[in-house]
Amino acid sequence: MKTVQLGSLGIQHVLAMYAGAIIVPLIVGGALQLTSAQLTYLVAIDLFTCGVATLLQVWKHKFFGIGLPVMLGCTFTAVGPMIAIGKQYGLSAVYGAIIAAGLFVVIIAKYFSKLRVLFPPIVTGSVVTIIGLTLIPAAMNNMAGGQGAKDFGDIHNIALSFGVLLFIVVLYRFFTGFIRSIAILLGMVAGTIAAALMGKVDVSAVTEASWVHIPHLFYFGVPTFNGTAILTMVLVAIVSLVESTGVYFALSDICNRKLSEKDLANGYRAEGLAMIIGGLFNAFPYTTYSQNVGLVQLSGVKTRKVIYVAGTMLIVLGLVPKIAALATIIPAPVLGGAMLAMFGMVIAYGIKMLSQVEFASQENLFIIACSVGMGLGVTAVPNLFAELPAGVRILTDSGIVAGSITAIVLNILFNVLPAKKRVESVPSLHEQQVS
């Protein structure tokens, strides 16, 4: 693959996850009332650490790295807990908890990987479908101009977003090969140019950004270790592993590669190491980003070389904020049009994974119904569990997490336990001979 092609595909992957990568530090930093200088550091170090975490995961080492075309970014599951810990115990406790949770993940990786029996196609297919469904509202909000925007739902935003989507559809229908594989990127470039002509592009972020940024160990001070904060972040880490497991199996299916327990353990260890690095440089806990699964399927490019390029780009963006700021000028409607295609492809692939399931079984239909219903329901009504304790809400505030746990528990109840009883009830060969 030529350098230009690799670069284009890498940029496409970076842009697919960029909005999610920068929104977390903006939310957390704003809630904890950081100064503009501190917020700038948080965004830059997050991009840098996203790149490092991605390279750790895509590099198939004997101890870490699942070796699939995955991108890592800061987990949204940690936003609420980080803000709560920061307000109650201070930033030093936030990063102490992240480091401790990362160590916990590295230690339990080998044992957590043995739970793969809990992730048959009925579970992984449901989880991937739920991931896609829960991401769609974010795409639709962006298509309208972005949640909270003054011009939300403006006809110009709608026209711009559907124009981007139509442009991607045309590229996908009438082109093949490289052009088709970068259809999302071309759609965002064309959409941004159109938005600029409409006066919807603000370049002030680029002019105000600095040229160089140096990562700083313990930027916010030496971490402290609080028991409650650590337990909360460990729970966040476990939830992230459940989400990542669904993404691993989706990508392994796309890449026609079977995952072993060792592969899963290496993937989990990479995430644990990424969390530790995030804590040391005062960034975030990191997890596998599901946004990029749809992009791998849409582009048809499954090589890890592209992800190496994308990870390196993120590191450069973290070191050169002025370049990083270029991606922030893409208007929300343009992102929304591209996101709808990508997230819709995640749903489609989840349905494809479910095609391996025995649909004649009413139990399997019930598992899919309840898990997808729970995931979509929590996404549609996020305040449903608002009165529950903060520790429990980590499991219920995310539609992906709530739906995934529902699928796992119901599969154990309807498939794993009955199968175990059937095996135990079959008489052994010795018993049959005696009788």
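Our subject in this report is the structure included herewith. (Residues numbered from 1 in each chain as written. Predicted model: local features only at pLDDT ≥ 70, side-chain atom pairs only at ≥ 80, totals over all residues. Heavy atoms only, no water.)

1. Looking at the packing of helix 5 (residues 121-143) against helix 10 (residues 227-254)
The test is simple: All axes here are fitted lines through C-alpha atoms, helices being fitted over the stretch that makes contact, and every angle between N-to-C directions spans 0 to 180 degrees. Strands here are runs of E lasting at least two residues and helices are runs of H or I lasting at least four, both read from the DSSP assignment and numbered beginning at the N terminus. Roughly parallel refers to an angle under 35 degrees, roughly antiparallel to one over 145, roughly perpendicular to one between 65 and 115, and oblique to any angle outside these ranges. Note on definitions: a residue-residue contact is assigned when non-hydrogen atoms from the two residues lie within 4.5 Å. Following the grouping adopted for this structure description, the nonpolar residues are Ala, Val, Leu, Ile, Met, Phe, Trp, Tyr, Cys and Pro, the charged ones are Asp, Glu, Lys and Arg, and the polar ones are all others, Gly among them.
Direction vectors running N to C along helix 5 and helix 10 enclose 105°, while the axes themselves pass 9 Å from each other. One way to sum up the angle between helix 5 and helix 10 is to call them roughly perpendicular. Facing T124, V127, V128 and I131 of helix 5, the residues of helix 10 in contact are E243, G246, V247, F249 and A250. Across the contact of helix 5 with helix 10, the residue classes tally to six nonpolar, two polar and one charged.

2. Describing unusual backbone geometry
The general pattern is negative phi for most residues beyond glycine and trans for most peptide bonds. Going by this rule: Relative accessibility thresholds used throughout: buried, under 20% of the residue-type maximum; exposed, over 50%; partly exposed, between the two (1.4 Å probe, protein chains only).
In this structure, N256 is a non-glycine residue whose phi angle is positive, near 55°. Residue position: N256 is located in the loop between helix 10 and helix 11 (261-280). For N256, a relative accessible area of 68% gives the class exposed. The phi torsion at N282 lies on the positive side, around 60°, for a residue other than glycine.

3. Focus on the side chain of E271
Note the cut-off: By the counting scheme adopted, Arg and Lys are positive, Glu and Asp are negative, and His together with the chain ends is not counted. Salt bridges, as used here, are contacts in which a Lys or Arg side-chain nitrogen is within 4 Å of a carboxyl oxygen on Asp or Glu. A 3.5 Å cut-off defines polar contacts: any pair of N or O atoms within that distance qualifies, except that in protein one atom must be a possible hydrogen donor and the other a possible acceptor, and neighbouring residues in sequence count only when both atoms are side-chain atoms.
One can find E271 in helix 11. Summary of buried charges: E271 has no salt-bridge partner, and the nearest side chain of opposite charge, R269, is 13 Å away. Side chain to side chain, E271 and T287 meet in a polar contact 3.5 Å long. In this structure, E271 is in contact with Q57, L72, S240, L241, S244, Y248, Y286, T287 and T288, ignoring residues within four places of it in sequence.

4. Quick look at the nonpolar core
Let me state the cut-off plainly: To form a nonpolar core, buried Ala, Val, Leu, Ile, Met, Phe, Trp, Tyr and Cys residues must be joined to one another through side-chain atoms within 4.5 Å.
Counting 122 residues, the largest nonpolar core has I184, F284 and Y286 as the members making the most contacts within it. Per-element accounting of this core gives the leading share, 13 residues, to helix 10. Not counting the four nearest positions on each side in its chain, F284 is found in contact with V24, P25, V28, L42, D46, C74, M82, I98, A274 and G278.

5. Quick word on the side chain of D46
With respect to the helices and strands, the residue D46 is situated in helix 2 (residues 36-58). Each residue touching D46, except ones within four places of it in the same chain, is listed here: A21, I22, P25, C74, F284 and Y286.

6. Some details on the pattern of salt bridges
A full pass over the atoms with the stated rule returns four salt bridges. As a salt-bridge pair, K200 and D151 come within 3.3 Å of each other at their nearest N and O atoms. Taken as a pair, K200 in the loop between helix 8 (183-197) and helix 9 (204-208) and D151 in the loop between helix 5 and helix 6 (155-174) lie far apart in primary sequence, 49 residues in all. Close ionic contact of R257 with D263 constitutes a salt bridge, the shortest N to O distance being 3.4 Å. R257 sits in the partly exposed class, given a relative accessible area of 21%. Since its relative accessible area comes to 9%, D263 is described here as buried.

7. Remarks on the packing of aromatic side chains
For the record, the criterion: What counts as a ring pair is set by centres within 6.5 Å for rings of Phe, Tyr and Trp (its six-membered ring), and what kind of pair is set by the plane angle: stacked under 30 degrees, edge-to-face over 60, tilted for all other angles. Placement of a charge over a ring requires the Lys NZ or Arg CZ to be within 6 Å of the ring centre, with the centre-to-atom vector within 35 degrees of the ring normal.
Per the counting criterion, the structure on display carries eight aromatic pairs. Between Y95 and F220 the ring centres are 6.1 Å apart and the planes differ by 0°, which places this aromatic pair in the stacked class. One end of the pair, Y95, is in helix 4 (residues 91-112); the other, F220, is in the loop between helix 9 and helix 10, and 125 residues separate them in sequence. The residues Y95 and F220 share a single accessibility class, namely buried. Between Y219 and F220, the ring centres sit 4.9 Å apart and the planes meet at 85°, which makes this aromatic pair edge-to-face. Following the ring pairs from residue to residue traces out a cluster consisting of Y41, Y95, Y219 and F220. Note that R173 overlies the ring of F174, its terminal NZ or CZ placed 5.0 Å from the centroid.

8. A few points about helix 11
To keep things clear, this is the line we draw: Multiplying one less than the number of residues by 1.5 Å gives the expected span of a helix.
The first and last C-alpha atoms of helix 11 sit 29 Å apart over 20 residues, in line with the 28 Å expected at 1.5 Å per residue. In terms of residue burial, helix 11 counts as a mostly covered element, since 15 of its 20 residues are buried. Positive backbone phi, approximately 60°, marks N282, located one or two places after helix 11.

9. A short note on helix 5
Its 23 residues give helix 5 an end-to-end C-alpha distance of 32 Å, which sits within 8% of 33 Å, the value for a rise of 1.5 Å per residue. Counting buried positions along helix 5 yields 17 of 23 residues, so the element is predominantly enclosed.

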